[in-house]
Amino acid sequence: MNKDTVNHQTTGIEDISLIDAHYRQFAFKRHYHLDYHMGLITEGQQEYYFNGTRYRAGKGELVIMPPDEIHDGQPQQDSGYKVKVFSITPDWLHKQADELGAKGQVYFPLHKVADNQLFFDLSQLHCKLGNPLFPQLAKDCMPIEYFSKLLTRHSQLRPKQAVPLGSKDLNQLRDYLMANLDQKISLESLAALCDLSPSQLLRQFKKATGMTPYAWLARLRLEHAMALLKAGYSSTEVAYRVGFYDQAHFVRSFRQAFGVAPSAVK
(Lines give C-alpha, C1' and ligand atoms only; values in the text may rest on other atoms or scores of the structure.)
Protein backbone atom coordinates (compact mmCIF):
# COMPACT_ATOMS: atom_id res chain seq x y z
CA MET A 1 0.00 0.00 0.00
CA ASN A 2 1.47 3.35 -1.04
CA LYS A 3 1.81 5.80 1.79
CA ASP A 4 2.29 9.53 1.97
CA THR A 5 5.77 10.74 2.86
CA VAL A 6 6.08 14.16 4.48
CA ASN A 7 9.25 15.75 5.83
CA HIS A 8 9.19 19.02 7.78
CA GLN A 9 12.60 20.63 8.18
CA THR A 10 14.14 23.78 9.64
CA THR A 11 16.85 25.65 7.72
CA GLY A 12 18.90 27.59 10.24
CA ILE A 13 16.94 30.69 9.16
CA GLU A 14 14.24 31.44 11.71
CA ASP A 15 11.81 32.84 9.13
CA ILE A 16 12.03 30.02 6.58
CA SER A 17 11.25 26.32 6.95
CA LEU A 18 10.76 23.54 4.43
CA ILE A 19 8.37 20.74 3.55
CA ASP A 20 9.32 17.95 1.15
CA ALA A 21 6.36 15.67 0.50
CA HIS A 22 4.85 13.01 -1.73
CA TYR A 23 1.09 13.10 -1.18
CA ARG A 24 -0.55 9.98 -2.60
CA GLN A 25 -3.74 9.80 -0.53
CA PHE A 26 -3.72 12.65 1.97
CA ALA A 27 -6.18 15.45 1.24
CA PHE A 28 -6.04 18.79 3.02
CA LYS A 29 -9.40 20.07 4.20
CA ARG A 30 -10.07 23.77 3.78
CA HIS A 31 -7.61 25.64 5.96
CA TYR A 32 -5.25 28.61 6.06
CA HIS A 33 -1.66 29.34 7.09
CA LEU A 34 -0.04 32.09 9.13
CA ASP A 35 2.93 32.09 6.72
CA TYR A 36 3.36 32.24 2.98
CA HIS A 37 3.49 28.75 1.51
CA MET A 38 5.37 28.54 -1.81
CA GLY A 39 4.92 25.06 -3.31
CA LEU A 40 7.04 23.71 -6.18
CA ILE A 41 5.20 20.82 -7.91
CA THR A 42 7.96 18.44 -9.02
CA GLU A 43 5.83 15.44 -10.06
CA GLY A 44 2.16 14.69 -10.69
CA GLN A 45 -0.75 17.10 -10.31
CA GLN A 46 -2.35 18.79 -7.32
CA GLU A 47 -5.99 19.84 -7.34
CA TYR A 48 -6.96 22.64 -5.00
CA TYR A 49 -9.70 25.10 -4.08
CA PHE A 50 -8.78 28.78 -3.84
CA ASN A 51 -10.84 31.97 -3.89
CA GLY A 52 -14.06 30.21 -4.87
CA THR A 53 -12.65 28.17 -7.76
CA ARG A 54 -10.97 24.80 -8.23
CA TYR A 55 -7.58 24.60 -9.96
CA ARG A 56 -4.91 22.10 -10.97
CA ALA A 57 -1.17 22.61 -10.75
CA GLY A 58 1.33 20.29 -12.39
CA LYS A 59 5.03 19.62 -12.71
CA GLY A 60 7.09 22.79 -13.06
CA GLU A 61 4.51 25.15 -11.56
CA LEU A 62 4.85 27.25 -8.41
CA VAL A 63 1.74 27.57 -6.24
CA ILE A 64 1.67 30.62 -3.95
CA MET A 65 -0.62 30.58 -0.90
CA PRO A 66 -0.56 33.85 1.06
CA PRO A 67 -1.34 33.98 4.79
CA ASP A 68 -5.00 33.73 5.82
CA GLU A 69 -6.22 32.59 2.39
CA ILE A 70 -8.62 29.64 2.62
CA HIS A 71 -7.70 26.69 0.40
CA ASP A 72 -7.51 22.90 0.28
CA GLY A 73 -5.43 20.39 -1.68
CA GLN A 74 -5.45 16.79 -2.85
CA PRO A 75 -3.83 14.52 -5.45
CA GLN A 76 -5.43 14.62 -8.87
CA GLN A 77 -4.04 11.21 -9.90
CA ASP A 78 -3.60 7.84 -8.17
CA SER A 79 0.19 8.29 -8.22
CA GLY A 80 -0.19 11.49 -6.20
CA TYR A 81 2.05 14.53 -6.48
CA LYS A 82 5.43 15.59 -5.13
CA VAL A 83 5.93 19.09 -3.79
CA LYS A 84 8.72 21.11 -2.22
CA VAL A 85 7.31 23.89 -0.03
CA PHE A 86 8.88 27.00 1.47
CA SER A 87 7.07 28.26 4.58
CA ILE A 88 8.06 31.94 4.92
CA THR A 89 6.97 34.43 7.57
CA PRO A 90 5.14 37.50 6.22
CA ASP A 91 7.56 39.84 8.01
CA TRP A 92 10.55 38.37 6.17
CA LEU A 93 8.95 38.52 2.73
CA HIS A 94 7.57 42.02 3.24
CA LYS A 95 11.00 43.19 4.42
CA GLN A 96 12.51 41.95 1.15
CA ALA A 97 9.82 43.83 -0.76
CA ASP A 98 10.47 47.02 1.22
CA GLU A 99 14.18 46.81 0.46
CA LEU A 100 13.36 46.51 -3.23
CA GLY A 101 11.49 49.81 -2.95
CA ALA A 102 7.96 48.46 -2.63
CA LYS A 103 5.97 50.68 -0.27
CA GLY A 104 2.59 49.09 0.33
CA GLN A 105 1.00 45.70 0.79
CA VAL A 106 2.61 43.11 -1.48
CA TYR A 107 0.36 40.57 -3.15
CA PHE A 108 0.66 38.05 -5.96
CA PRO A 109 -1.94 38.49 -8.76
CA LEU A 110 -1.26 34.91 -9.91
CA HIS A 111 -1.34 32.15 -7.30
CA LYS A 112 -0.03 29.65 -9.90
CA VAL A 113 3.18 30.69 -11.64
CA ALA A 114 4.95 29.09 -14.62
CA ASP A 115 8.49 30.51 -14.70
CA ASN A 116 11.03 27.87 -15.68
CA GLN A 117 14.18 29.67 -14.52
CA LEU A 118 12.64 30.73 -11.21
CA PHE A 119 11.32 27.20 -10.65
CA PHE A 120 14.82 25.81 -11.22
CA ASP A 121 16.42 28.40 -8.91
CA LEU A 122 13.93 27.79 -6.11
CA SER A 123 14.25 24.01 -6.47
CA GLN A 124 18.00 24.32 -6.03
CA LEU A 125 17.49 26.65 -3.08
CA HIS A 126 15.14 24.17 -1.39
CA CYS A 127 17.73 21.40 -1.69
CA LYS A 128 20.56 23.57 -0.38
CA LEU A 129 18.59 24.98 2.56
CA GLY A 130 17.74 21.40 3.53
CA ASN A 131 21.39 20.33 3.49
CA PRO A 132 22.89 20.67 7.01
CA LEU A 133 26.41 20.75 5.50
CA PHE A 134 25.69 23.70 3.20
CA PRO A 135 27.42 26.87 4.54
CA GLN A 136 25.17 29.04 6.70
CA LEU A 137 26.34 32.26 5.05
CA ALA A 138 25.22 30.92 1.68
CA LYS A 139 21.90 29.89 3.23
CA ASP A 140 21.46 33.44 4.51
CA CYS A 141 22.22 35.03 1.13
CA MET A 142 20.47 32.82 -1.40
CA PRO A 143 16.85 33.21 -0.21
CA ILE A 144 17.18 37.00 -0.43
CA GLU A 145 18.50 36.71 -3.99
CA TYR A 146 15.96 34.20 -5.29
CA PHE A 147 12.84 35.51 -3.57
CA SER A 148 13.75 39.00 -4.73
CA LYS A 149 13.39 37.59 -8.27
CA LEU A 150 9.94 36.27 -7.37
CA LEU A 151 8.90 39.63 -5.94
CA THR A 152 10.28 41.60 -8.89
CA ARG A 153 8.66 39.42 -11.55
CA HIS A 154 5.38 38.31 -10.02
CA SER A 155 4.22 40.63 -7.21
CA GLN A 156 2.30 43.89 -7.18
CA LEU A 157 1.24 46.43 -4.55
CA ARG A 158 -2.19 47.28 -3.23
CA PRO A 159 -3.46 49.40 -0.33
CA LYS A 160 -3.48 47.66 3.03
CA GLN A 161 -6.89 46.15 3.71
CA ALA A 162 -8.58 45.15 6.95
CA VAL A 163 -11.56 42.78 7.16
CA PRO A 164 -14.10 44.44 9.50
CA LEU A 165 -15.87 42.45 12.22
CA GLY A 166 -17.98 44.91 14.19
CA SER A 167 -15.68 47.24 16.13
CA LYS A 168 -12.63 45.05 15.37
CA ASP A 169 -11.03 43.61 12.27
CA LEU A 170 -9.81 40.11 11.52
CA ASN A 171 -6.20 40.95 12.36
CA GLN A 172 -7.16 42.36 15.76
CA LEU A 173 -9.27 39.30 16.48
CA ARG A 174 -6.38 37.03 15.53
CA ASP A 175 -4.03 38.95 17.84
CA TYR A 176 -6.50 38.47 20.69
CA LEU A 177 -6.83 34.75 20.00
CA MET A 178 -3.07 34.29 19.70
CA ALA A 179 -2.68 35.84 23.15
CA ASN A 180 -5.29 33.46 24.58
CA LEU A 181 -4.73 30.16 22.75
CA ASP A 182 -4.46 28.23 26.01
CA GLN A 183 -7.80 29.59 27.28
CA LYS A 184 -11.37 28.41 26.73
CA ILE A 185 -12.94 30.86 24.29
CA SER A 186 -16.68 31.21 23.66
CA LEU A 187 -18.57 32.74 20.76
CA GLU A 188 -20.25 35.08 23.24
CA SER A 189 -16.91 36.43 24.47
CA LEU A 190 -15.65 37.00 20.93
CA ALA A 191 -18.90 38.71 19.96
CA ALA A 192 -18.66 41.03 22.99
CA LEU A 193 -15.09 41.90 22.01
CA CYS A 194 -16.35 42.97 18.58
CA ASP A 195 -19.51 44.70 19.92
CA LEU A 196 -21.70 42.26 18.02
CA SER A 197 -24.27 39.66 18.96
CA PRO A 198 -23.11 36.02 18.68
CA SER A 199 -25.27 35.46 15.60
CA GLN A 200 -23.98 38.66 13.95
CA LEU A 201 -20.37 37.66 14.56
CA LEU A 202 -20.96 34.14 13.25
CA ARG A 203 -22.53 35.41 10.02
CA GLN A 204 -19.93 38.13 9.45
CA PHE A 205 -17.04 35.80 10.27
CA LYS A 206 -18.20 33.06 7.87
CA LYS A 207 -18.76 35.63 5.13
CA ALA A 208 -15.25 37.06 5.65
CA THR A 209 -13.29 33.82 5.99
CA GLY A 210 -15.44 30.95 4.71
CA MET A 211 -14.96 29.20 8.08
CA THR A 212 -16.69 29.19 11.44
CA PRO A 213 -14.85 30.93 14.31
CA TYR A 214 -14.32 27.49 15.89
CA ALA A 215 -12.70 25.99 12.77
CA TRP A 216 -10.60 29.13 12.30
CA LEU A 217 -9.40 29.03 15.92
CA ALA A 218 -8.63 25.31 15.68
CA ARG A 219 -6.43 25.95 12.66
CA LEU A 220 -4.77 28.90 14.39
CA ARG A 221 -3.88 26.62 17.31
CA LEU A 222 -2.44 23.98 14.98
CA GLU A 223 -0.45 26.51 12.95
CA HIS A 224 1.08 27.90 16.14
CA ALA A 225 1.72 24.35 17.35
CA MET A 226 3.71 23.67 14.17
CA ALA A 227 5.83 26.79 14.78
CA LEU A 228 6.52 25.77 18.40
CA LEU A 229 7.50 22.24 17.39
CA LYS A 230 9.94 23.62 14.84
CA ALA A 231 11.35 25.84 17.60
CA GLY A 232 12.16 22.72 19.64
CA TYR A 233 9.32 22.50 22.17
CA SER A 234 8.10 19.04 23.13
CA SER A 235 4.78 17.76 21.85
CA THR A 236 3.33 17.65 25.37
CA GLU A 237 4.31 21.24 26.13
CA VAL A 238 3.03 22.47 22.78
CA ALA A 239 -0.35 20.82 23.29
CA TYR A 240 -0.95 22.74 26.52
CA ARG A 241 0.43 26.00 25.17
CA VAL A 242 -2.10 26.03 22.32
CA GLY A 243 -5.11 24.89 24.30
CA PHE A 244 -5.25 21.10 23.83
CA TYR A 245 -5.72 19.54 27.26
CA ASP A 246 -5.86 16.00 25.86
CA GLN A 247 -2.56 14.88 24.30
CA ALA A 248 -4.22 12.19 22.20
CA HIS A 249 -6.68 14.75 20.80
CA PHE A 250 -3.78 17.06 19.91
CA VAL A 251 -1.85 14.32 18.12
CA ARG A 252 -4.95 13.20 16.21
CA SER A 253 -5.87 16.76 15.18
CA PHE A 254 -2.30 17.57 14.16
CA ARG A 255 -2.02 14.45 12.01
CA GLN A 256 -5.37 15.19 10.34
CA ALA A 257 -4.23 18.74 9.56
CA PHE A 258 -0.65 18.12 8.39
CA GLY A 259 -0.45 14.45 7.48
CA VAL A 260 2.28 13.74 10.06
CA ALA A 261 2.45 13.26 13.83
CA PRO A 262 3.92 16.07 15.97
CA SER A 263 6.88 13.81 16.77
CA ALA A 264 7.85 13.82 13.05
CA VAL A 265 8.45 17.59 12.99
CA LYS A 266 12.15 18.43 13.30
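Per chain, residue numbering runs from 1 following the sequence as it is written. Given that this is a predicted model, residues contribute local features only at a pLDDT of at least 70 and side-chain atom pairs are listed and counted only at 80 or more, while totals for whole chains, interfaces and linings are drawn from all residues. Working from all heavy atoms in the structure, the side-chain values ignore hydrogens and water.

(A) Quick peek at the overall build of the protein chain. A count of helical and extended segments in the protein chain gives 9 helices and 13 strands. Its C-alpha atoms give the protein chain a radius of gyration of 19 Å, near enough to 18 Å, the size a compact globule of 266 residues would have. Projected onto the principal axes, the alpha-carbon positions of the protein chain cover approximately 50 × 45 × 35 Å. Per-residue accessibility, obtained with a 1.4 Å probe over protein chains only, is compared with the maximum for each type, and a residue is labelled buried under 20%, exposed over 50%, and partly exposed between these values. A burial count over the protein chain gives 47% of its 266 residues as buried. Numbering of helices and strands starts at the N terminus; helices are DSSP runs of H or I of at least 4 residues and strands are runs of E of at least 2. Based on C-alpha atoms, the radius of gyration is set beside the globule rule, defined as 2.2 Å times the residue count to the power 0.38.

(B) Summary view of the nonpolar core. Among the nonpolar cores identified, the biggest contains 48 residues, and Y23, W216, F250 and F254 are the most heavily contacted of them. Looking at this core element by element, the count peaks at 8 residues for helix α7 (residues 213–230). In terms of nonpolar packing, the next biggest core, distinct from the first, is built from 27 residues, F86, A97, L122 and L129 among them. Note on terminology: a nonpolar core comprises buried Ala, Val, Leu, Ile, Met, Phe, Trp, Tyr and Cys residues joined through side-chain atoms within 4.5 Å.

(C) Geometry of the pattern of salt bridges. By convention in these notes, a salt bridge is any Lys or Arg side-chain nitrogen within 4 Å of a carboxyl oxygen on Asp or Glu. Applying the stated criterion to the full structure yields 9 salt bridges. Here D68 and R174 are joined by a salt bridge, their closest N and O atoms 2.8 Å apart. Of this pair, D68 sits in the loop between β6 (62–65) and β7 (71–75) while R174 is found in helix α4 (residues 170–178), placing the two residues 106 residues apart along the sequence. Accessibility expressed as a relative area gives 19% for R174, which makes it buried. Linking E237 and R241 is a salt bridge whose minimum nitrogen-to-oxygen distance equals 3.3 Å. With E237 and R241 both in helix α8 (residues 235–241), this residue pair falls 4 residues apart, about one helical turn. A single network of salt bridges, built from pairs that share partners, joins E47, R54 and D72.

(D) Inspection of the environment of Y176 at higher detail. Inspection of the secondary structure assignment puts Y176 in helix α4. Of the residues examined, Y176 reaches a relative accessible area of 30% and is grouped as partly exposed. When the C-alpha positions of Y176 and L193 are compared, they lie 9.3 Å apart, and in sequence the two are 17 residues distant. Throughout, a contact is declared for two residues whenever any of their heavy atoms are within 4.5 Å. Residue contacts for Y176: discarding those within four places in its chain leaves L190 and L193.

(E) Spotlight on the environment of H31. Along the chain, H31 falls in strand β3 (residues 28–31). Placed 17 residues apart in sequence, H31 and E14 show a C-alpha to C-alpha distance of 23 Å. What H31 contacts, discounting residues up to four positions off in sequence, is E69, I70, H71, D72 and R219.

(F) Layout of α4. Those residues of α4 that fall on the buried side of the exposure criterion are L170, L173, R174 and L177. Down the axis of α4, the buried set is contained in an arc of 100°. They therefore lie on one face. Buried residues in α4 make contact with β12 (164–165), β13 (168–169), α5 (187–193), α6 (198–209) and α7. Put simply, D169 is the residue that caps the front of α4, since its side-chain oxygen is 3.0 Å from the backbone nitrogen of N171. When we speak of the arc, we mean the arc of directions from the helix axis to the C-beta atoms. For this analysis, a polar contact is any N or O atom pair within 3.5 Å, provided that within protein one partner can donate a hydrogen and the other can accept it, and provided that sequence-adjacent residues contribute only side-chain to side-chain pairs.

(G) Inspection of the pairing of strand β4 (residues 36–50) at higher detail. Note that β4 and strand β8 (residues 81–88) share 8 bridges and pair antiparallel. From the neighbouring strand, G39 faces β8, where its bridge partner is V85. Any two strands with at least two DSSP bridges between them are considered paired. Judged from the 4 bridges that link them, β4 and β6 form a sheet pairing that is antiparallel. For H37, the partnering residue across the bridge sits in β6 and is M65. In this structure, the hairpin formed by β4 and strand β5 (residues 53–58) is closed by a connection of 2 residues, where N51 is found at a positive phi of approximately 55°.

(H) Local environment of α7. Across its 18 residues, α7 extends 26 Å between first and last C-alpha, which sits within 8% of the 26 Å expected from 1.5 Å per residue. The buried fraction of α7 is high, at 13 of 18 residues. In a helix, the anticipated span is given by 1.5 Å times the number of residues less one.

Note that all results are geometric; they support no functional claim without further evidence.
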